[in-house]
Amino acid sequence: MAQPDEAATRMHEPPLTEAVEDDFGDLYEHAPFGYLSTLMDGTIVRANATFLTMAGRTRADLVGRVRFPALLPVGDRIFYDTHFAPLLAMQGEVREIAVELRRPDGTRLPVLVNAVVKPAAEGRPAVIRLSAVAATDRRRYERELLRERQRAERSEAEARHLAQILQASFVPAALPAVPGLDVAGVYRPAGSGDEVGGDFYDLFETAHGWGMSLGDVCGKGARAAVVTSLARYTLRAAGIRDARPAEVLSLLNQALLRERTDRFLTAAYARIHHDGAGRPRLKLSLGGHPPPVRISREHPSGPVGRPGDLLGVFDDPKLRETEVELSPGDVLLFYTDGITEGRGADGVMFGEERLRRSLEAARGADAQGVAEHLVDEVVDFQSGLPIDDIAVLVLRVPD
Amino acid sequence: MIMVRHPAVPPRNLISVFPMRMPFGYPVAAGETAGRPERVRGIFTGGYHPDTARSIDFHERRHTTMDVLARNNVQISGNPSGTPMIFAHGFGCDQNMWRFVAPAFEEDHRVVLFDHVGYGSSDLASHSAERHSTLDGYARDLLEICRELDLERAIFVGHSVAAMIGVLAEIEEPERFGRLVLVGPSPCYIDDGDYVGGFSRQDIDELLESLDSNYLGWSGAMAPVIMGNPDRPELGEELTNSFCRTDPAIARQFARATFLSDNRADLPRVRARTLVLQCSEDVIAPPQVGEYVHRMIPGSELVLLKATGHCPNLSAPEETVSAIRSFLRG
């Protein structure tokens, strides 16, 4: 179609309007939307014919007798008083408010309402001008969307619940008492905890002392969870049978290779036993895992243990054992890299130095106190949302 | 328990470990070592220590360490040496509800305004599904503000549900509050035997539905902008209806905390001198409810305003101001 040039349009506009649409009364009365004027308290002072039809009322029913919110169901009326009216008073207009008109026959008409305030002038009070557009189909569709969203939220909650149950199985519900040691563990899932991670730890009694494990499976999600469970229970079974930590880790390595999983993991395993004087000692082996940190008065403070290969990759991983002595007042911390690799706002990692300082600062606290202090610091460091799972196990020799 | 609210935390693509310390390279499944986000924003409302089988609200810690004044967008004005006067907004909008009332007291009072967590320019990430599921949680927020500002014998002015939040806070730490002004209070919105609250349980369910239909400028597309930039509120300013804008999940929770609360038993425990301001036609807090509050709070005064509706602070600010003034003079 040819575009009429602008000047010509302007020239023709007034006569065209007058010829076709010059009846303002009709424009008002039969506009394709309900049009209403009310006082600031909602009292209806004028309504067009379309609104009366939509609402199923006569002019005499409404004008001067009814406040607009009285035409709404109770929920919408509360909404009117808590949102609609305040917004009008504060910003002079509201847009796209979804309410329903109650009709005398008991049916309801969903409408979308826009409103503007015409301020008081020349002795006349302020007026609210309000348009109501019928929105039956649109609202039906929105309700469907809403139902779908609620369904999605329920599914998400269920998935989260499953993740939590699974997650809880990666660590013992309670730690056993070990003579001469104060022990505590803390497990904190990544972020908001809706995804199942791969950290685990364990502590259990065996015929030759106590076995303890702590590890971290590569990745997250259901597949990683399967490997995490496998790792925890394989270490438990192997540790009960075998007193040699390196051998225990090697058995886990074989189990992982047999499973043909593409997941590898790092783990620390130690056997806790007691020397002649009843002092706790550890025989420790590391499978690719960061060495535990000892804070001690009698021994050198710092990482202990000799590095070994990670598990689930090599047929014959290099695994070595270290004997670790603990004296009264000593703290030994096992941790996953959710601690040291936690990142602060500027991308800086929490790191081993902050870890050591945190342990020093918590000196004198019991094992639970030390563990919680550290985890709190790491979580705060990451503004409350750690990017990775965190597992720590603290062994402390009481003074 | 661990809970996540919408909008959900953005998907993470993180690997747990990896040993820079290992003396060799190793294959890693695609995607698993992709860049870690600088910082993941979102809402975390709980943590879990399975070994002790107890639930820990990590927010408890955040509340103590984070800046309470920023959390609640606390705004202070007026006469620094005047008796402090703290205004609390009700269900629906934010501290702007007091814009026509609070300035009238600035000459004589140190005026404190704030937004409840989840509303206005408060820190949305501080909203806790657990803490903010009851009015007690909001009362604790209020007390934390009072402590932070060292308020004593302050005049508390609370509108709508905030009236009950003030009542709960006063009972908890009476020394903080000299007087209470309760504007349109209701200790219980649902009818119960002889008690007329004005609503049935079904009515409240309808309200929740109404809230669900009215997101007021909140959509999945805008939410991250608002949530992710609390320090840049101008990003959200172009949105309509911004004074009453909030995450629909938060609105629904505050609505539940508000309209399903029953604080009737708390009223007789109020010690501060109390003024009840009642509108003459108020669907949300009908006159008989105002009278009930007046009857139950020992020594309280009741003033019936000519104003109609539930928000005399907006519809009849002069009348509201003068009623509060004469109470403060008395």
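Residues numbered from 1 in each chain as written. Chains lettered and ligands numbered in written order. Predicted model: local features only at pLDDT ≥ 70, side-chain atom pairs only at ≥ 80, totals over all residues.

## Notes on the overall build of chain B
Thinking step 1. Counting its regular elements, chain B contains ten helices and nine strands.
Thinking step 2. Looking at chain B as a whole, 51% of its 330 residues qualify as buried. (Helix = DSSP H or I, 4+ residues; strand = E, 2+ residues; numbered from the N terminus. Buried ≥ 20, exposed ≤ 12 C-beta atoms within 10 Å, placed from the backbone.)

## Looking at the environment of Phe177 of chain B
Residue and element names in this part refer to chain B.
Thinking step 1. Structurally, the position occupied by Phe177 is in strand β7 (residues 177-183).
Thinking step 2. Taking C-alpha positions, Phe177 is 9.3 Å from Cys146, a pair spaced 31 residues apart along the chain.
Thinking step 3. The contact partners of Phe177, leaving out residues within four places of it in the chain, are Arg153, Ala154, Phe156, Glu170 and Ala272. (Contact = placed C-beta atoms within 7 Å.)

## Section: the sheet that holds strand β5 (residues 109-114) of chain B
Residue and element names in this part refer to chain B.
Thinking step 1. With mixed pairing, seven strands are arranged side by side in an open sheet as β3-β5-β4-β6-β7-β8-β9. Pairing within the sheet leaves two strands with one partner each, and these edge strands are β3 (75-78) and β9 (301-308). Strand-to-strand twist of the sheet, defined as the mean angle between neighbouring strand axes without regard to direction, takes the value 20°.
Thinking step 2. When strand β4 (residues 83-88) meets strand β6 (residues 154-159), the two strands line up parallel, connected through four bridges. (Pairing = 2+ DSSP bridges. Axes fitted to C-alpha atoms, helices over the stretch in contact; angles between N-to-C directions.)

## Some thoughts on the nonpolar core
Thinking step 1. Ranked by size, the top nonpolar core spans 105 residues in total, and within it Met85, Leu142, Ile165, Val181 and Leu182 of chain B carry the most contacts.
Thinking step 2. A per-element tally of this core places helix α5 (residues 74-91) of chain A first, with ten residues.
Thinking step 3. The residues touching Leu182 of chain B, leaving out its near neighbours within four places in the chain, are Gly158, Ala163, Thr274, Leu275, Val276, Leu277 and Val293 of chain B.
Thinking step 4. Counting residues in hydrophobic clusters, the runner-up holds 71 residues, among them Val183, Tyr335, Ala391 and Val392 of chain A. (Core = buried A, V, L, I, M, F, W, Y, C linked by C-beta atoms within 7 Å.)

## Observations regarding unusual backbone geometry
Thinking step 1. Positive phi outside glycine occurs at Glu122 of chain A, with the angle close to 50°.
Thinking step 2. Within the secondary structure, Glu122 of chain A sits in the loop between β4 (108-118) and β5 (127-134).
Thinking step 3. By the C-beta count within 10 Å, which is 4 here, Glu122 of chain A ends up exposed.
Thinking step 4. Positioned with a positive phi, Ser160 of chain B is a non-glycine residue whose angle comes to about 60°.

## Considering helix α4 (residues 161-172) of chain B
Residues and elements named next belong to chain B.
Thinking step 1. Compared with the 16 Å implied by 1.5 Å per residue over twelve residues, the 17 Å span of α4 between its first and last C-alpha is a close match.
Thinking step 2. Of all the twelve residues making up α4, ten are buried; the element is thus mostly covered by neighbouring parts of the structure.
Thinking step 3. Burial in α4 covers these residues: Val161, Ala162, Ala163, Met164, Ile165, Gly166, Val167, Leu168, Ala169 and Glu170.
Thinking step 4. Against β4, α3 (135-148), β6, β7 and α7 (248-259) lie the buried residues of α4. (Expected span 1.5 Å × (residues − 1).)

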